[in-house]
Amino acid sequence: MRGHEQALARIVGKDNVSADETELFCYSFDASIHSSGPNVVVRPVSAKQVSRVVRYASKRRIPVVPRGAGTALCGHSLPWHGGIVIDTTRMNRILETRVEDLYVVVGPGIVYSELNSSLKPLGFFFPPEPGSADVCTIGGMVAVNASGIKAVKYGATRDYVLGLEVVLPNGEIVRTGSRTVKNASGYQLYRLFVGSEGTLGVITEVTLRVAPLPDYTATALASYEDLEAAGRTVTKLIKSRLIPAALEIMDKTCIQAVNKSLRLNLPEVDGLLIVEFDGHRSAVEHDMNKAEQICRTENPTTYTWSDDPATRERLWAGRKAVLPSMSRLKGGQVSTSLADDMIVPISKIPQLVRSIAMTARKEHLTIGTYGHCGDGNLHAKVLLNVREKGAWGRAWRACREIYRTSIALGGSLSGEHGIGITRAPFMKMEHGTELNLMRTIKAAIDPSNIMNPGKLSLNQVPKTFVTRLRYPVGR
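Fair warning: this is a prediction, and the values are worked out from it, not measured in the lab. (Residues numbered from 1 in each chain as written. Predicted model: local features only at pLDDT ≥ 70, side-chain atom pairs only at ≥ 80, totals over all residues. Heavy atoms only, no water.)

Caption draft 1: Local environment of the overall build of the protein. Of the regular secondary structure elements, the protein holds 16 helices and 18 strands. In summary, the protein has a C-alpha radius of gyration of 22 Å against a globular reference of 23 Å for 475 residues, a match within 12%. Summarising its shape, the C-alpha atoms of the protein cover approximately 65 × 60 × 40 Å along the three principal directions. Counting across all 475 residues of the protein, residues that qualify as buried make up 58%. For the protein, the share of sequence-separated contacts (at least 6 apart) that also reach a separation of at least 24 residues comes to 72%. Total accessible area on the protein is roughly 19,600 Å²; 49% of this is exposed by carbon and sulfur atoms. (Helix = DSSP H or I, 4+ residues; strand = E, 2+ residues; numbered from the N terminus. Rg over C-alpha atoms; globule rule 2.2 N^0.38 Å. Buried < 20%, exposed > 50% of the residue type's maximum accessible area, 1.4 Å probe, protein only. Contact = heavy atoms within 4.5 Å. Areas by Shrake-Rupley, 256 points an atom, 1.4 Å probe, with all protein chains shown as cover.)

Caption draft 2: Representation of unusual backbone geometry in the model. A positive phi angle, near 55 degrees, is found at R61, a position not held by glycine. Relative to the elements of secondary structure, R61 occurs in the loop between helix 3 (47-60) and strand 3 (64-67). Located in the positive-phi region is N145, a residue other than glycine, with phi close to 55 degrees. By the secondary structure assignment, N145 is in the loop between helix 5 (138-144) and helix 6 (151-154). When its relative accessible area of 13% is taken as the criterion, N145 is described as buried.

Caption draft 3: Quick look at the pairing of strand 14 (residues 271-279). Most of strand 14 sits out of view: nine of its nine residues are buried. Burial along strand 14 is two-sided: G271, L273, V275, F277 and G279 facing one way and L272, I274, E276 and D278 facing the other are all buried. Note that strand 13 (residues 246-251) and strand 14 share six bridges and pair antiparallel. The partner of M250 across the bridge, within strand 14, is L272. (Pairing = 2+ DSSP bridges.)

Caption draft 4: Up close: the packing of helix 8 (residues 227-239) against helix 13 (residues 349-362). Remark: helix 8 packs on helix 13, axes separated minimally by 8 Å, with the N-to-C direction vectors making an angle of 155 degrees. Considering their axes alone, helix 8 and helix 13 lie roughly antiparallel with respect to each other. Relative to helix 13, helix 8 is oriented so that their crossing is right-handed. Between helix 8 and helix 13, the residues in contact are L227, E228, G231, R232 and T235 and I349, P350, V353 and R354, respectively. (Axes fitted to C-alpha atoms, helices over the stretch in contact; angles between N-to-C directions. Parallel < 35°, antiparallel > 145°, perpendicular 65-115°, else oblique. Left-handed = near helix turned anticlockwise from the far one by under 90°.)

Caption draft 5: Broad picture of helix 4 (residues 112-119). For helix 4, the set of buried residues is Y112, S113, L115, N116 and L119. The arc that holds the buried residues of helix 4, viewed along the axis, is 155 degrees, so those residues lie on one side. Among the structural elements, strand 5 (94-98), strand 6 (103-106), strand 7 (124-125), helix 5 and strand 10 (202-209) are those in contact with the buried residues of helix 4. (Arc of directions from axis to C-beta.)

Caption draft 6: Up close: the pattern of salt bridges. A complete count under the given rule lists 25 salt bridges for this structure. In this structure, the salt-bridge partner of R232 is D226, at a minimum N-O distance of 3.9 Å. By relative accessible area, which is 34% here, R232 ends up partly exposed. As a salt-bridge pair, R423 and D341 come within 3.9 Å of each other at their nearest N and O atoms. Placement of the pair is R423 in the loop between helix 14 (391-408) and helix 15 (427-431) and D341 in the loop between strand 16 (334-336) and helix 13, with a sequence separation of 82 residues. The pair formed by R423 and D341 is uniform in burial state, with each residue classed as buried. Sharing partners across several salt bridges, the network here consists of E96, E165, R175, R179 and E205. (Salt bridge = Lys/Arg side-chain N within 4 Å of Asp/Glu carboxyl O.)

Caption draft 7: Looking closely at the domain arrangement of the protein. Taken as a whole, the protein is organised into domain 1 (2-87), domain 2 (94-212), domain 3 (216-323) and domain 4 (326-445). The distance between the C-alpha centroids of domain 3 and domain 4 comes to 24 Å. Contacts between the two partners involve 22 residues from domain 3 and, on the opposite side, 21 residues from domain 4. Carbon and sulfur atoms supply 64% of the area that domain 3 and domain 4 bury against each other, a total of about 1,900 Å² over both sides. On the surface where domain 3 and domain 4 come into contact, there are one salt bridge. A salt bridge links E228 to R354, with the nearest nitrogen and oxygen atoms 2.8 Å apart. One can count 10 residue pairs in polar contact (both at pLDDT 80 or more) joining domain 3 with domain 4. The set of elements that each furnish at least two residues to the side of domain 3 that touches domain 4 consists of helix 8, strand 13, helix 9 (252-262) and helix 12 (322-325). No other element matches the seven residues that helix 8 contributes to the side of domain 3 that touches domain 4. (Domains from an automatic or database assignment. Buried area = accessible area lost by both parts, 1.4 Å probe. Polar contact = N/O pair within 3.5 Å; in protein donor to acceptor, adjacent residues only side chain to side chain.)

Caption draft 8: The arrangement of the packing of aromatic side chains in detail. Using the criterion set out here, one finds nine aromatic pairs in the structure. Plain terms: the ring middles of W392 and Y471 are 5.8 Å apart, the flat faces sit at 40 degrees to each other, and that makes the pair tilted. Linking W392 in helix 14 with Y471 in the segment after helix 16 (434-445), this pair joins segments that are 79 residues apart in sequence. For W392, a relative accessible area of 4% translates into the label buried. We classify Y471 as buried; its relative accessible area is 16%. Geometrically, the ring pair formed by W396 and F426 is stacked, given 5.0 Å between the ring centres and 25 degrees between the ring planes. On the criterion of sequence distance, the pair formed by W396 in helix 14 and F426 in the loop between helix 14 and helix 15 is long-range, its members being 30 residues apart. The exposure classification of W396 matches that of F426, with both residues buried. The structure contains a cluster of three or more aromatic residues connected by ring pairs, namely W396, Y403, F426 and F465. Here R60 stacks its cationic end above the ring of Y56, 3.7 Å away from the centre of that ring. Over the ring of W80 we find R468; its NZ or CZ atom is 4.3 Å from the centre of that ring. (Phe/Tyr/Trp six-rings, centres within 6.5 Å; stacked < 30°, edge-to-face > 60°. Lys NZ or Arg CZ within 6 Å of the ring centre and 35° of its normal.)

Next up, the structure:
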């Protein structure tokens, strides 16, 4: 790639292009189980530079992979076939803020929490709040349609995207959508790029709708000796016409992990629920009292709620620490992102948690189940001794069964993390012949297949996620 490196340097500047082995190694990982490196990395600062890079790659049929902060859990930003990684983190400016029109315009590289820090003094925010909020970029969130703990009330990234600027695979810069809160003018093309995982183009500018910050927030913690009782409580809360700002669940494995890691002394029961309401104080207090009555119908061992910010932060501390804590639970085992993001209709949560527990026992695995039960989205972290013979095979069978169950219950493979490489082998299970329509769209926009090839099960799909692992694997 030496000649390509020099040509790209003429586009973005020599300090913003690298083929150094050490740097390329850093770009060969994200937060997934996989590893695959690029041939060269560029760090553009404008859509024009991105356009010239993509045009250069298109003429030579070099793969192009957009990348934000690399927090994705399924290998989305890994260059599966080498080529050029376009690091968008230098395109990190807030370009326009107009809360009177309910929108903000940003570069794809701005970090989620930094955007909200700028909006907070104005009394507004961008609500989806993924778990990686302090590091993930807006461009990455758009690429996977990210969301998080507030999705039950506020929705996902797609619900806030008003317009996009995108560099197409031929290098053309296009603007889609508008800066209005509604739009009935033709195809909603900007929605096509949300969740496309970089397979249709490079996002270079985002226009987002913003929402008013709530005046008052209260948070409750309910513990149950039966995980399915916690799941039934979720259904009852939603059926009663209560829409919490957040509604989260943790099983005993997750509770034990965060207690061991942070010494939180949470009750080590089968299931914990965290219920949060926000809005006007009188309405929140009314909803919280009603929620307590509903929670108590399933006989919780403990129930407490508070509006004190410090107390609320302690209640949330365990839930927010699940992901980093899981790998500390058992010596020799690490937490892996596998069956990690399935979503089902809310009323099916009890059936799904029961199925996950049964599958874990069948395959002799430890699986920690937690997530956004208020919108039906669960995460199942599989603990593995990655060097143990047969461990990855058991994990593969367990995940396949969990996904089959989720789809049979009327659900989907992913609620917020996307498909990438890890879930690509399962896409046909959910979408069937619908995949052909996705491939038709991909071929129409990217006929040379240079944009993030190998992702979303659109082409060259691995038969299993046990491929190009960043772990040493037992035989």
